[in-house]
Amino acid sequence: MRTVAEFRIEYLRQLSPQGRPLDELPAFAADNEELLKMFAAMLRARTFDAKAINLQRTGKLGTYAPCLGQEAAHVGVGAAMRPEDCLAIVYREIGTLFWRGVSMTEVLLYWGGDERGNNFAVPRHDFPWCVPIATQTLHAAGAAMAFKIRKEPRCAVAYIGDGGTSEGTFYEAMNLAGARQLPIVFVIVNNKWAISVPIEQQTACETLAQKGIAAGIPGVQVDGNDVIAVRDCMARALEKARTGGGPTVVEALSYRLSDHTTADDASRYRDEAEVAEAWKTEPMIRLRKLLESRGVLDAAREQAMKAQFTREVDAAVQEYLNTPRQSSDAMFEHLYANPPPYLEEQKELARRYAGTGRPSH
Amino acid sequence: MPKVTMVEAIAMAQAWELANDPSVVVLGEDVGKSGGVFRATSGLFERFGADRVQDTPLAENMIAGMCVGMAAQGMRPVAEIQFMGFLYPAIDQIVNHMSRLRHRTRGRLSCPVVIRTPHGGGIHAPEHHSESVESMIAHVPGIRVVCPSSPARAYGLLLASIRDPDPVLFLEPTRIYRLAKQEVADDGVAAPLDVCYILREGEDVTLVTWGAIATDVLQAAEQLAAQGISAEVIDLATVSPIDSETILDSVAKTGRLVIVHEAARNCGVGAEIAAIVAEHGLYDLLAPIQRVTGFDTVVPLYRLENDYIPSVARIVDAAKATLAG
Ligand SMILES: Cc1ncc(C[n+]2csc(CCOP(=O)(O)OP(=O)(O)O)c2C)c(N)n1
Ligand SMILES: [Mg+2]
């Protein structure tokens, strides 16, 4: 017997959970302003996240999927992408969305039950929120196919969760990307849980990165709570894809510190001790420590940043709450470019009975 | 007798079958330890263990396909698809295999599978969580589509669905999962499939409906009664195949028909009911049939969902329209 193929999965981490550089850091990490920008983006996402949960609890927002604990993965990916690249999100990745220019008000509108939240003013070409698990990975592969055919130096990035990697669609997307060497990066955010199902029950794989191997795609594991490592790893994967080197699967190891959504109660199925342990390696700590050790961040400065983001979030919340509800006409708009005539009749009927249904919760 | 909600009745029926039929296995995403996102499998994992009550990997086509395999080899899987909007990946297995394995093998293999899934909107849920696309599966030969409208009916119909030798898509109207409690005897007595249930007798107009909106139709009937109009309310219960007889008998009596469903109108199950009455009861009709349905649009996000789901006022007006002139 002989070995005909061998594979390995590398693991990348550049900052220890306590903020100590483990290796020579990538070039961008020498720029304190750049690191502060990433720290700010994480803090901004976290500030928004807390407020959104609060709004849901007080009946002003629908079900919301928090990003708590995953800010580094999301910001690291956003920071490595170019504006012209194309993003296919799932439902948690506000850190990336905000980095790319999506507004807080848009995010609130979406989770507040208003389709206009999917109509991003910036960036116009990114895909909207995607609730049907894994479906977005094929859209990203299709986008990458379009870029390849048109010979544009652009990449697609598809997010997926650990649970999502069990869907057949995900394998189809990776297989296509491998077979056609598409300019795409699949980012698996492994937060250890898919609602109540832990990763050990989802798969027998030791890593999720290795799922790319069967599609002929290199896979790499990265500490998803290390924003420097995520950005570095993504930047290299994107550069490779952009210059014709084909796709990469990046597994970012993180942890879902929150409930699955505001409709969930994780204490029913998850050990509190595990969550407490995960808090020790959450992503803000290490970047804060690094920046403090470099003398560019202290408690006062962080406080000031936090206050600024709180004001910004409050303003967005006001804008969201002051946005008048769409009329019933909105149901019929944008359904077809050329709507059939009977929809006009139904639109009239909807107007006649608008407001006669049960009051909204 | 305990008073239970519909979602509790659904858990009760599954518990009964798990306890009394060793071939029954409950499976799906989050149905185990957490007891389901709506708690429709609450307590089952603790009572029957991880082999009989399984959390599956996150993949709906896998769930449907493994049900085909399990059922063909003598098990009775009762699978949950977390929301109807996530049934779509499973359709290949449901249509190409589950519903026709008996037919293809000339009765050698069969698929006694139940796929339970929440149905409809009105609960303030996120995008893709408010679908009512029963007509898609009602169109498929070889599978039943069942949809209860009360806790007692949910208990009885789910028992019947699990015991049925063929596949059943069992739709659970989320809007009334916890709306009202009802006395339900946990006695293992099934309610028959393939028949409609008359929820209220009347003389002037027949209202045919199913699922959550049946509660609104009953309210409409109440309002009509106050205006001197006697409405008969029929709960379709088995959405496919349709019990034409009960509907035709009622229309023969009232001469008027209003069909009310939450799903979109175009090619909805209401069209089939209207066609049955047009074919077999046309001369009984004293007025054109009315359909009161969701609009032919994507179900809107929750801020507009109450403008999408037909209101009681719309149902009342449609019934009155059949009596006008
Ligand atoms: C196709 C599909 N099936 C089921 C669901 C319901 N659902 C929503 S989130 C979720 C778990 C997802 O877990 P994972 O992929 O790990 O992402 P995470 O929520 O942890 O970010 C499930 C089962 C869905 N949205 N889409
Ligand atoms: Mg997860």
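## Some words on the overall build of chain A
Inference 1: Assigned secondary structure in chain A consists of twelve helices and eight strands.
Inference 2: A total of 361 residues make up chain A; the buried ones form 58% of that total.
Inference 3: Taking the intrachain contacts of chain A between residues at least 6 apart in sequence as the baseline, contacts between residues at least 24 apart amount to 73%.
Inference 4: Accessible area for chain A stands at about 15,500 Å²; split by element, carbon and sulfur atoms hold 53% of it.
Inference 5: Averaging the locations of the 42 positively and 46 negatively charged side chains of chain A gives two centres separated by 2 Å.

## Focus: the site of ligand 1
Inference 1: Neighbouring ligand 1 are 20 residues, the closest being Y91, R92, G164 and W193 of chain A together with E60 of chain B.
Inference 2: The side chain of Y91 of chain A places a nitrogen or oxygen atom 2.6 Å from an oxygen atom of ligand 1.
Inference 3: Within the backbone of V131 of chain A, an N or O atom sits 2.8 Å from a nitrogen atom of ligand 1.
Inference 4: Out of a free accessible area of 590 Å², ligand 1 has 95% covered by protein chains.
Inference 5: In terms of residue class, the shell around ligand 1 is made up of nine nonpolar, six polar and five charged.

## Re the confidence of the model for chain B
Inference 1: Mean pLDDT over chain B works out to 98, with 100% of the residues at or above the 70 mark.
Inference 2: On the interface metric, ipTM, the complex scores 0.96, and its pTM is 0.97.

## Brief notes about the coordination of the magnesium ion (ligand 2)
All names here are of chain A.
Inference 1: Coordination of the magnesium ion (ligand 2) by the protein involves D162 (OD), N191 (OD1) and W193 (O), with metal-donor separations of 2.1 to 2.2 Å.
Inference 2: Mapped onto the sequence, the residues coordinating the magnesium ion (ligand 2) show the spacing D-x28-N-x1-W. Placement of D162 in the loop between β3 (156-161) and α6 (168-179) and of W193 in strand β5 (residues 193-194) is noted, with a sequence separation of 31 residues between them.
Inference 3: By relative accessible area, which is 9% here, W193 ends up buried.

## As for the confidence of the model for chain A
Inference 1: Of all residues in chain A, 99% attain a pLDDT of 70 or more, and the chain-wide mean is 97.
Inference 2: Mean pLDDT across the elements of chain A ranges from a minimum in helix α12 (residues 341-353) of chain A, with 97, to a maximum in strand β4 (residues 184-190) of chain A, with 99.

Scoring rules and cut-offs
Residues numbered from 1 in each chain as written. Chains lettered and ligands numbered in written order. Predicted model: local features only at pLDDT ≥ 70, side-chain atom pairs only at ≥ 80, totals over all residues. Heavy atoms only, no water. Helix = DSSP H or I, 4+ residues; strand = E, 2+ residues; numbered from the N terminus. Buried < 20%, exposed > 50% of the residue type's maximum accessible area, 1.4 Å probe, protein only. Contact = heavy atoms within 4.5 Å. Areas by Shrake-Rupley, 256 points an atom, 1.4 Å probe, with all protein chains shown as cover. Lys, Arg positive; Asp, Glu negative; His and termini not counted. Charge placed at Lys NZ, Arg CZ, Asp CG, Glu CD. Near = heavy atom within 4 Å. Polar contact = N/O pair within 3.5 Å; in protein donor to acceptor, adjacent residues only side chain to side chain. Nonpolar A, V, L, I, M, F, W, Y, C, P; charged D, E, K, R; others polar. pLDDT = per-residue confidence, 0-100. Donors = N, O, S within 2.8 Å, 3.2 Å for Na, K, Ca; no water.

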